[in-house]
Amino acid sequence: MATFNISKDDEFLDRSEGQAAKFYIPQPLSRIHDLLQREKKPLTSTMLPPVARARFERLITMFDLGDPDTLRLEMSKCCAIISGSAALYVFHPNAFTPGDVDFYVPHSTANRFICSLHDRGFFDNSADDKKATYPSREIVAVSRFWKRGNARSINLIITQSVNPLAVVVQFHSTLLMNAITGRGVICLYPLLTLPGRSVMMVDTPKARKCFAKYGRRGFRFQSIFASHECLSSAYCRNARRSLEDGDVLSVTFQYQPQSMNAAIHGLTPFHWQLGPMRS
């Protein structure tokens, strides 16, 4: 089985047993199916919560979002998540610096979360409507928030679904199918995302510009999954996936007894199927 060595700064795995920090990843990509068949234990068992929390707090400081703990609490109460490039940053902090943070929140709790952003010194520009940038049918509205003295912005994406992950699984590629919740971080396709690889879900001129942007950051894209037995592998367009299956990587922000799924609390049950390439 091939391994991917992690630098000290990028270390996610627990060294408490004196073992070298490693991610198990396909090398080459065609070995994904074999790897999934061999690696049956959950992907969360040896992850370091303090690393995930430190990266989240670094992101919050970068965007001047105030106290991370109260923000996490408000995210949990509103079922809000952070996704897009900001969530990818938690897994690849040395690859790039995000220019904005995308919060996804259900319509039912959007007003409460907007009040939280106002309390943190952010104001929204009603004339700056970015809904066209987010074409998903699951999206009700998109607003951009600014804070004086900070050039970076916050995007608030209000979702029709009570579960904002319904938008995440419609992204242009598996690379961005990650989320930060109030309790931890989630990666839906870790065997691709962690080594910087991705399968494309959308083929449009706009999506290709995004692929080029992330390509300049060192990520690699392809249009198909590795050879596999259809429906038996999580890395299949036709597979029916669950947020609670063993192929989702979830890392809590703090150690908790039996906290394997604490990072996804409030977001389950949730199922999805990628389906064919969209254009």
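Scroll up to find the structure this text is about.
Just so we're clear, the structure is a prediction, and the values are computed from it rather than from any experiment. (Residues numbered from 1 in each chain as written. Predicted model: local features only at pLDDT ≥ 70, side-chain atom pairs only at ≥ 80, totals over all residues. Heavy atoms only, no water.)

Participant: Please clarify how helix α8 (residues 205-216) should be interpreted in this entry.
Facilitator: Every α-helix carries 3.6 residues per turn, so stepping three or four residues along brings you back to the same face. The terminal C-alpha atoms of α8 lie 17 Å apart, and with 12 residues this matches the ideal 16 Å at 1.5 Å per residue to within 8%. The complete set of buried residues in α8 reads Ala207, Phe211 and Tyr214. Viewed end-on, α8 has its buried residues packed into an arc of 70°, placing them on one side of the element. Exposed side of α8, more than 90 degrees from the buried face: Pro205, Lys209 and Arg216 are the residues found there. Packed against the buried residues of α8 are α4 (85-91) and β11 (220-222). Directly beyond the C-terminal end of α8, a positive phi value near 105° is found at Gly218. (Helix = DSSP H or I, 4+ residues; strand = E, 2+ residues; numbered from the N terminus. Expected span 1.5 Å × (residues − 1). Buried < 20%, exposed > 50% of the residue type's maximum accessible area, 1.4 Å probe, protein only. Arc of directions from axis to C-beta. Contact = heavy atoms within 4.5 Å.)

Participant: What is the right way to look at the nonpolar core in this model?
Facilitator: For soluble globular proteins, nonpolar side chains are generally found buried alongside one another. Ranked by size, the top nonpolar core spans 77 residues in total, and within it Leu65, Phe103, Phe113, Ile154, Ile180, Leu188 and Leu243 carry the most contacts. Top element by residues in this core is α4. It accounts for six residues. Aside from chain neighbours lying at most four places away, what touches Ile180 is Phe56, Leu59, Met75, Ala80, Ile81, Ile82, Ala86, Ala87, Val90, Val185 and Phe253. (Core = buried A, V, L, I, M, F, W, Y, C linked by side-chain atoms within 4.5 Å.)

Participant: Would you explain the packing of helix α2 (residues 49-62) against helix α3 (residues 68-78) in this entry?
Facilitator: Each pair of packed helices can be described by the angle between their axes along with the distance between the axes. The contact between α2 and α3 brings their axes to 10 Å, and the two run at 100°. When the axes of α2 and α3 are compared, the pair comes out roughly perpendicular. Residues Arg53, Phe56, Glu57 and Ile60 of α2 form the contact with α3, whose participating residues are Pro68, Asp69, Leu71 and Arg72. (Axes fitted to C-alpha atoms, helices over the stretch in contact; angles between N-to-C directions. Parallel < 35°, antiparallel > 145°, perpendicular 65-115°, else oblique.)

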